[in-house]
Amino acid sequence: MLQIQNTLVSLDLIERFFCCDLDACLGQCCIDGDAGAPVTEAECRQIEASLPAIETDLLPGARQAIAEQGVAYTDEEGDLVTTIVNGANCAFSCYGKNGKCICALEKACREGRSSFLKPASCHLYPVRIKEYPTFIAVNLHRWKICKPAEVLGRRLGLRAYQFLREPLIARFGQEWYDELELTATEYLKQYK
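Report follows, based on the coordinates. (Residues numbered from 1 in each chain as written. Predicted model: local features only at pLDDT ≥ 70, side-chain atom pairs only at ≥ 80, totals over all residues. Heavy atoms only, no water.)

## Thoughts on the overall build of the chain
For step 1, the next point in the chain: Of the regular secondary structure elements, the chain holds ten helices and ten strands.
For step 2, the next point in the chain: For 192 residues, the compact-globule estimate of 2.2 N^0.38 gives 16 Å, and the C-alpha radius of gyration of the chain, at 17 Å, lies within 12% of that figure.
For step 3, the next point in the chain: The principal-axis extent of the C-alpha atoms belonging to the chain is close to 55 × 40 × 35 Å.
For step 4, the next point in the chain: By the burial criterion, 43% of the 192 residues in the chain qualify as buried.
For step 5, the next point in the chain: Pairs at least 24 residues apart make up 64% of the contacts formed inside the chain by residues separated by at least 6 positions.
For step 6, the next point in the chain: Taken as a whole, the chain presents about 10600 Å² of accessible surface, with 50% of it coming from carbon and sulfur. (Helix = DSSP H or I, 4+ residues; strand = E, 2+ residues; numbered from the N terminus. Rg over C-alpha atoms; globule rule 2.2 N^0.38 Å. Buried < 20%, exposed > 50% of the residue type's maximum accessible area, 1.4 Å probe, protein only. Contact = heavy atoms within 4.5 Å. Areas by Shrake-Rupley, 256 points an atom, 1.4 Å probe, with all protein chains shown as cover.)

## Here's the deal with the pattern of salt bridges
For step 1, the next point in the chain: As enumerated under the stated definition, the model contains twelve salt bridges in all.
For step 2, the next point in the chain: Notably, a salt bridge pairs arginine 110 with glutamate 106, separated by 2.8 Å at the nearest N-O pair. With arginine 110 and glutamate 106 both in helix α5 (residues 104-110) and four residues apart, this pair spans about one turn of that helix.
For step 3, the next point in the chain: Looking at glutamate 106, the relative accessible area reads 18%, which means it is buried.
For step 4, the next point in the chain: One salt bridge in this structure joins glutamate 150 and lysine 147, with 3.8 Å as the shortest N-O distance. Linking glutamate 150 with lysine 147, this pair stays in helix α7 (residues 147-156), spanning three residues, or about one helical turn.
For step 5, the next point in the chain: Residue classification places lysine 147 among the partly exposed positions, given a relative accessible area of 49%. (Salt bridge = Lys/Arg side-chain N within 4 Å of Asp/Glu carboxyl O.)

## Focus on a negative patch on the surface
For step 1, the next point in the chain: On the surface, Asp34, Glu76, Glu77 and Asp79 cluster together into a patch of negative charge.
For step 2, the next point in the chain: You can see glutamate 77 is positioned in the loop between β3 (72-74) and β4 (80-82).
For step 3, the next point in the chain: Glutamate 77 gets classed as exposed once you look at its relative accessible area, which sits at 69%. (Patch = residues over 30% accessible without salt bridge, like charges linked within 9 Å, V, L, I, M, F, W, Y side chains within 5 Å. Lys, Arg positive; Asp, Glu negative; His and termini not counted. Charge placed at Lys NZ, Arg CZ, Asp CG, Glu CD.)

## Notes on the sheet that holds strand β10 (residues 136-140)
For step 1, the next point in the chain: The strand order β1-β2-β10-β9 describes an open sheet built from four strands, whose pairing is mixed. Either end of the sheet is taken by a strand with one partner, and the two such strands are β1 (2-4) and β9 (127-131). Taken over all neighbouring pairs, the strand axes of this sheet differ in orientation by 25° on average, direction set aside.
For step 2, the next point in the chain: Pairing analysis gives three bridges linking β1 to strand β2 (residues 7-9), with the strands arranged antiparallel. Across the sheet, the residue bridging to isoleucine 4 is threonine 7, located in β2.
For step 3, the next point in the chain: The sheet contacts of helix α10 (residues 174-188) involve β1 and β2, and relative to β1 the element is tilted by about 150°. (Pairing = 2+ DSSP bridges. Axes fitted to C-alpha atoms, helices over the stretch in contact; angles between N-to-C directions.)

## Brief notes about empty space enclosed by the protein
For step 1, the next point in the chain: This structure, assessed with the given rule, holds one cavity of 30 Å³ or more.
For step 2, the next point in the chain: Here the largest cavity is characterised by a volume of approximately 40 Å³. (1 Å grid on protein atoms, 1.4 Å probe; cavity = no way out; pocket = protein on both sides within 12 Å on 5 of 7 lines; lining within 4 Å. Points joined across faces, edges and corners; volume = space filled by probe spheres on them.)

## Points about the packing of helix α9 (residues 165-172) against α10
For step 1, the next point in the chain: With their axes 7 Å apart at the nearest point, α9 and α10 run at an angle of 130° to one another. Between α9 and α10, the interaxial angle falls into the category oblique. On α10, the residues that touch Arg165, Leu168, Ile169 and Phe172 of α9 are Gln174, Trp176, Tyr177 and Leu180.
For step 2, the next point in the chain: Class assignment of the residues belonging to the contact of α9 with α10 gives a composition of six nonpolar, one polar and one charged. (Parallel < 35°, antiparallel > 145°, perpendicular 65-115°, else oblique. Nonpolar A, V, L, I, M, F, W, Y, C, P; charged D, E, K, R; others polar.)

Any functional reading would require information that these geometric values do not contain.
Below, the structure is given as structure tokens:
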């Protein structure tokens, strides 16, 4: 672990190569799992405000689940997470070309129909954040469905922290990211 300001950052974020390969995984992270994506109350309000912009992109089962349960629920661990459909798909997933699962929220934002990109936990994935009273843990979640992302990241020479530059800056700020980048550069010199 490395300390960057008030965070403890897993070495995996610096050592591991990563670059999402949607052509290979088809967005499986939005389909598999036992719960939805972690969200905050504020993000729930933003999702609710975005519903008119994404409604036509959502699958019929997702529209029904959202109507019955709302945009989020509290999972078995007590975390607020996005609603899921049939125990798997995130309710905000939709499908694009070649069967790729994509985020309806992100699609609407990129098309200018909404101002909300997606929950921070999705934007940061595979990083998972855990807040404690005196520090924030920044860990890299490893999942077999992300193996193609590791392969592509290695081929491109792109480390996880580099791939996640934009969402890390959005979450922690430019100064934090600059410190992480400098620390990573110094740390990785030992491997050259």
